Amino acid sequence: MSSDSEPKRKTHVDGPTVVRPRLHDDEVLARLGKKAVLKRNFGFLTILGFSCTVLVTWEGSLVYEALPSSIQCLLILSGSGGPSGLVYNFLVVWVGTLSVFAVLSELVSMAPTSGGQYHWISMLAPASWRKFFGYITGWLCIVGWQAVAASSALLSASMIQGIILLCHPDYANTMQGWHGLLISWALVLFSFAVNAVIGSILAKFEGLVLILHLLGFFAIMLPLVLLGEHVSPADVFNNFVNNGGWPTQALSSSIGMTGSVLAFLGGDAAMHMAEEIRGAPLVIPRSLFSGLILNGCLGFGMVVACMFSLGDLDEALAENPNFPYMAIFHRAVGSRSGAAAMASIVVVLCCSATTGAMASASRILWAFSRDRGTPGKVARRTGIPFNSVLLTAFISMLLSLINLGNATAFNGITTIQISGLCGSYLFVATLLLYNRLAGHIQEPYDDNAITNTMGKDLTWGPWRLRGYLGTANNAFACVYLIYVWFFAFWPASVQVTPPNFNWAVLPFTVITLFSLLYYALWARKTYAGPIIEF
């Protein structure tokens, strides 16, 4: 692994290797053919906070996997492996995500641009396919992140309703879908304000949320461990369940792994903020791995604690059918107000994840528009992609309307997070492996020539896994992503019904067909890949 602050670079011709000081941020961007426009407000700690609070792994361990919820079809999948399936699936996904993050870190160190995956595809793909593959990948990233932003807001709003139900059980008789809709709109507007209206505080906001992310873990973990009733270790580590009627437990657990994947999804969020980070080629990989190790440890601890405190799931579902983990809080502390305080920590952190998701979604949308993939521009006064933030907020509010008519239909929007984002990860990881094996990637040059963009030479960044270790990790990441992407489309049960059907295949197919049609009719005439602005 190489992460020297003063990496070695060599000239185009054979000659001695020289040591050159690390390039200035604007020089790094200029070598990609891009002009610096956005303000660099993020350092290591603030982008670490951003990464941790977008991932919200330990919070997601409660919401996405520890217990089922009627808000998303995928949460039904969490029961497909039982308590032991959840524990072991978490470890598998944690290891797989570490491998994928290593690959993405190598790529962002080579080309730290807000375009992320579609830019990397454009520089790695064969010449005849760069334009087309880059465009399709750009759409996958945009759609995946728009789904993350929209579902984060609605899920947070639903949890607020869950707290109301916890404190006032009679609310179950009057609870309506439009209540959650209005709350989600309020959260979207708050996220919009932090990102655009007072965007200069976004970095400071993420730093503060990181503190709450750490302290909140212990505020929930300690009552569960010290006050709650616990099952035996065998009930946690040797208790597999096959609720879907699948022929083998291995298949059931593979399908149920989707909940763990959701808890780790969004690792590329910080990468799309690359043009707002100081020292991005090194800071982003370091923050990603620090955040993943930290979040993985906290998330695994929370999964195990919840499984030991699970008790009678039917009772928890009867008390709070949408978010029964709140009922388990109530059972552990014996107080509705105490349980509401614990649940409020989760809600606040998930709301902050909505703010981070909107930031990342708007940056990839803005970068794609900069390369003429979609319309848009930067607000010069603030150095913020205002129009893209506004459009992202509007899309989030629009998508939330689907849940008003049919909650099952909204499941398709939320599950496309996996198919869209993991599909883009797989694409870039495969192409990086090909170029790695073919020897197409060189050591960094000793001049200011444009590299790592469409039609230019490929050079390594200051952070990478060297030699056989890098190749082996790259290959493992590809295998893991194929495995995850394949099972992302499976239904919850052998007996498929509209409520348990995995609707991800429908929006994924529609969006892919739309992007192909849009490309054929318009984009192929205007989109030529990442443009060189000099």
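Residues numbered from 1 in each chain as written. Predicted model: local features only at pLDDT ≥ 70, side-chain atom pairs only at ≥ 80, totals over all residues. Heavy atoms only, no water.

Caption draft 1: Geometry of the overall build of the protein. Per the secondary structure count, the protein includes 20 helices and 4 strands. Counting all 534 residues of the protein, 60% fall into the buried class. Long-range pairs, those at least 24 residues apart, make up 81% of the contacts in the protein with a sequence separation of at least 6. Accessible area of the protein: about 19,800 Å², with a carbon and sulfur share of 67%. (Helix = DSSP H or I, 4+ residues; strand = E, 2+ residues; numbered from the N terminus. Buried < 20%, exposed > 50% of the residue type's maximum accessible area, 1.4 Å probe, protein only. Contact = heavy atoms within 4.5 Å. Areas by Shrake-Rupley, 256 points an atom, 1.4 Å probe, with all protein chains shown as cover.)

Caption draft 2: Structural detail: unusual backbone geometry. A positive phi is found at asparagine 452, a non-glycine position, where the angle reads about 55°. Examined against the element boundaries, asparagine 452 turns out to sit in the loop between strand S3 (441-442) and strand S4 (458-459). By relative accessible area, which is 2% here, asparagine 452 ends up buried.

Caption draft 3: Main features of the pattern of salt bridges. Evaluation of the coordinates by the stated rule reveals 7 salt bridges. Of the charged contacts, one joins arginine 436 and glutamate 106 as a salt bridge, the two residues approaching to 2.5 Å between their closest N and O atoms. Residue arginine 436 is found in helix H18 (residues 407-438), and its partner glutamate 106 is found in helix H5 (residues 82-110); the two are separated by 330 residues along the sequence. For the pair formed by arginine 436 and glutamate 106, the shared burial category is buried. One salt bridge connects arginine 466 with glutamate 443, and the closest N-O pair in it is separated by 4.0 Å. Residue arginine 466 is found in the loop between S4 and helix H19 (467-487), and its partner glutamate 443 is found in the loop between S3 and S4; the two are separated by 23 residues along the sequence. According to the relative accessible area criterion, arginine 466 is partly exposed, its value standing at 40%. (Salt bridge = Lys/Arg side-chain N within 4 Å of Asp/Glu carboxyl O.)

Caption draft 4: The arrangement of the packing of aromatic side chains in detail. Per the counting criterion, the structure on display carries 33 aromatic pairs. Their ring planes at 50° and their centres at 5.1 Å tell us that phenylalanine 90 and phenylalanine 264 sit as a pair that is tilted. In this pair, phenylalanine 90 sits in helix H5 while phenylalanine 264 sits in helix H12 (residues 258-264), placing the two residues 174 residues apart along the sequence. The same class applies to phenylalanine 90 and to phenylalanine 264, which are both buried. (Phe/Tyr/Trp six-rings, centres within 6.5 Å; stacked < 30°, edge-to-face > 60°.)

Caption draft 5: View of the environment of alanine 341. As for its placement among the helices and strands, alanine 341 is situated in helix H16 (residues 336-370). For alanine 341, a relative accessible area of 43% corresponds to the partly exposed category. With 178 residues separating them in the primary sequence, alanine 341 and isoleucine 163 have C-alpha atoms 9.0 Å apart.

Caption draft 6: Spatial organisation of a nonpolar patch on the surface. Judged by side-chain polarity, Trp178, Leu182, Leu391, Phe394, Leu398, Leu401 and Leu404 come together as a nonpolar surface patch covering roughly 670 Å² of accessible area. Mapped onto the secondary structure, leucine 391 falls in helix H17 (residues 386-405). Classification of leucine 391 as partly exposed rests on a relative accessible area of 38%. (Patch = residues over 30% accessible without salt bridge, like charges linked within 9 Å, V, L, I, M, F, W, Y side chains within 5 Å.)

Caption draft 7: Spatial organisation of the nonpolar core. Membership of the largest hydrophobic core comes to 135 residues, with the highest contact counts inside it found for Trp58 and Leu107. It is H16 that contributes the most residues to this core, 18 residues altogether. Residues contacting leucine 107, with those up to four places away along its chain left out, are Trp120, Met123, Leu124, Val428 and Leu432. With 8 residues, the next largest nonpolar core counts Val188, Phe192, Ile384 and Val389 among its residues. (Core = buried A, V, L, I, M, F, W, Y, C linked by side-chain atoms within 4.5 Å.)

Caption draft 8: Spotlight on the side chain of serine 156. Within the secondary structure, serine 156 is located in helix H7 (residues 130-167). Judged by its relative accessible area of 0%, serine 156 is buried. Filtering out sequence-adjacent residues up to four positions away, serine 156 remains in contact with Leu187, Val347, Cys350, Cys351 and Thr354.

Remember, this is a structural readout, not a statement about activity or role.
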